[in-house]
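What follows is each chain in one-letter form.
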Amino acid sequence: MQYKNMNEQFGALIYILEKNKELMEMLDYISKLNLPNFYIAAGSVFQTIWNYYDGKDLNFGIKDIDVIYFNNNDLNVEKDLEYYNIINEYAKSKKFNYEIDVSNEARMHLWKMEHGQGDNIEPYKNSEDAISKWIATVHAIGITKENDQIKVYAPYGLSDIFSKTIRPIKHDGNSKELYDKKAASWNERFNNLTIIEW
């Protein structure tokens, strides 16, 4: 879908997201937990847009809700588990078919090193820094709530989401292998994607 400018794109994005009642209820609930620098990010956001334009249920193909936050003062993975349990219980109580994933982006460099993705990975500065370094431009999007208003962080804009273009974000923490795996997964679940080679 083509829009004249970024303001039109953001307006369309909010309009469509607000139609996904389950996602909006999750956003409302999570915003009340006061997680520092939090976003619902990645797949559940951009895939809602794709589903809308494909005429599908807005949650079609959405495997999980990625909840990220940034707390440099507590890098204990148990805190993620605590938030996971709280948010997961809410989703279950509402009978939402969402898997929940919660991660403190302040400790993701440690997780990556533990999982063999490098030895000297730079820590993220905040949640926005993390989002900007994810695997593809469509993936690099997050929504949060401030003063009851949806706020969007999309460092590469929204054009690739609306045109269903998969474009890599290249930096030390990403790889062709990971990008190709993600792109193949999206290509299986969604139609008419344009995949830019790594």
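A. Just the pattern of salt bridges, in detail. Applying the stated criterion to the full structure yields 7 salt bridges. In this structure, the salt-bridge partner of Lys164 is Asp54, at a minimum N-O distance of 2.9 Å. Taken together, the residues Lys164 in the loop between helix H7 (159–163) and strand S6 (165–166) and Asp54 in helix H3 (residues 43–54) connect sequence positions 110 residues apart. Taking relative accessible area as the criterion, Lys164 reaches 9% and is therefore assigned buried. When the shortest N-O distance is used, the salt bridge between Asp129 and Lys133 registers 3.2 Å. For Lys133, a relative accessible area of 27% corresponds to the partly exposed category.

B. Summary view of the packing of helix H2 (residues 21–31) against helix H4 (residues 77–93). Contact geometry of H2 with H4 gives a least axis separation of 11 Å together with a crossing angle of 145 degrees. Crossing hand, H2 versus H4: right-handed. Between H2, through Glu25, Met26, Tyr29 and Ile30, and H4, the contact on the second element is made entirely by Ile86, Ile87, Tyr90 and Ala91. For the contact of H2 with H4, the residue count by class is 7 nonpolar, no polar and 1 charged.

C. Representation of the confidence of the model for the protein in the model. Looking at the protein, pLDDT values average 92 and 93% of them are 70 or higher. Within the protein, no element has a lower average pLDDT than helix H5 (residues 108–114), which sits at 69, and none a higher one than strand S1 (residues 39–41), at 98.

D. Focus on the side chain of Glu128. Its location among the elements puts Glu128 in helix H6 (residues 127–131). The buried charged residue Glu128 lacks any salt bridge partner; its closest oppositely charged side chain belongs to Lys125, at an N-O distance of 11 Å. Excluding its chain neighbours within four sequence positions, the residues that come into contact with Glu128 are Asn37, Tyr39 and Tyr153.

E. Summary view of the nonpolar core. Counting 44 residues, the largest nonpolar core has Met26, Ile40, Ile143 and Ile166 as its most contacted members. Element by element, the count of residues in this core is highest for H2, at 5 residues. Membership of the second largest hydrophobic core comes to 13 residues, among which are Ala41, Ile68, Ile131 and Trp134.

F. Fine view of the environment of Tyr156. You can see Tyr156 is positioned in the loop between strand S5 (149–153) and H7. Overall, Tyr156 belongs to the partly exposed group, its relative accessible area being 40%. Sequence-wise, Tyr156 and Thr137 are 19 residues apart; in three dimensions their C-alpha atoms are separated by 6.1 Å. The residues touching Tyr156, leaving out its near neighbours within four places in the chain, are Ser132, Thr137, Ala140 and Ile169. Polar contacts involving the side chain of Tyr156 include one to the main-chain carbonyl oxygen of Ser132, which spans 2.5 Å.

G. The arrangement of the pairing of strand S2 (residues 64–69) in detail. Among the 6 residues of S2, 5 are classified as buried, and the element is accordingly described as predominantly covered. Alignment of S1 against S2, held across 3 bridges, turns out to be antiparallel. Looking across to S2, one finds that Ile40 is bridged to Val67. The pairing of S2 with strand S3 (residues 99–104) spans 6 bridges and is parallel. Paired with Val67 across the two strands is Val102, which belongs to S3. The parallel pair S2 and S3 is bridged by H4, and the resulting crossover is right-handed.

H. Looking closely at H3. With 12 residues, H3 ought to run about 16 Å at 1.5 Å a step, and its terminal C-alpha atoms sit 16 Å apart, in line with that. The element H3 is extensively covered by neighbouring structure, given that 9 of its 12 residues are classed as buried. All buried positions along H3 are accounted for by Gly43, Ser44, Val45, Phe46, Gln47, Thr48, Ile49, Trp50 and Asn51. Positive phi shows up at Gly55, right after H3, with a value of about 70 degrees.

The rules behind each value
- Residues numbered from 1 in each chain as written.
- Predicted model: local features only at pLDDT ≥ 70, side-chain atom pairs only at ≥ 80, totals over all residues.
- Heavy atoms only, no water.
- Salt bridge = Lys/Arg side-chain N within 4 Å of Asp/Glu carboxyl O.
- Helix = DSSP H or I, 4+ residues; strand = E, 2+ residues; numbered from the N terminus.
- Buried < 20%, exposed > 50% of the residue type's maximum accessible area, 1.4 Å probe, protein only.
- Axes fitted to C-alpha atoms, helices over the stretch in contact; angles between N-to-C directions.
- Left-handed = near helix turned anticlockwise from the far one by under 90°.
- Contact = heavy atoms within 4.5 Å.
- Nonpolar A, V, L, I, M, F, W, Y, C, P; charged D, E, K, R; others polar.
- pLDDT = per-residue confidence, 0-100.
- Lys, Arg positive; Asp, Glu negative; His and termini not counted.
- Core = buried A, V, L, I, M, F, W, Y, C linked by side-chain atoms within 4.5 Å.
- Polar contact = N/O pair within 3.5 Å; in protein donor to acceptor, adjacent residues only side chain to side chain.
- Pairing = 2+ DSSP bridges.
- Right-handed = clockwise from strand over helix to strand, strands pointing away.
- Expected span 1.5 Å × (residues − 1).

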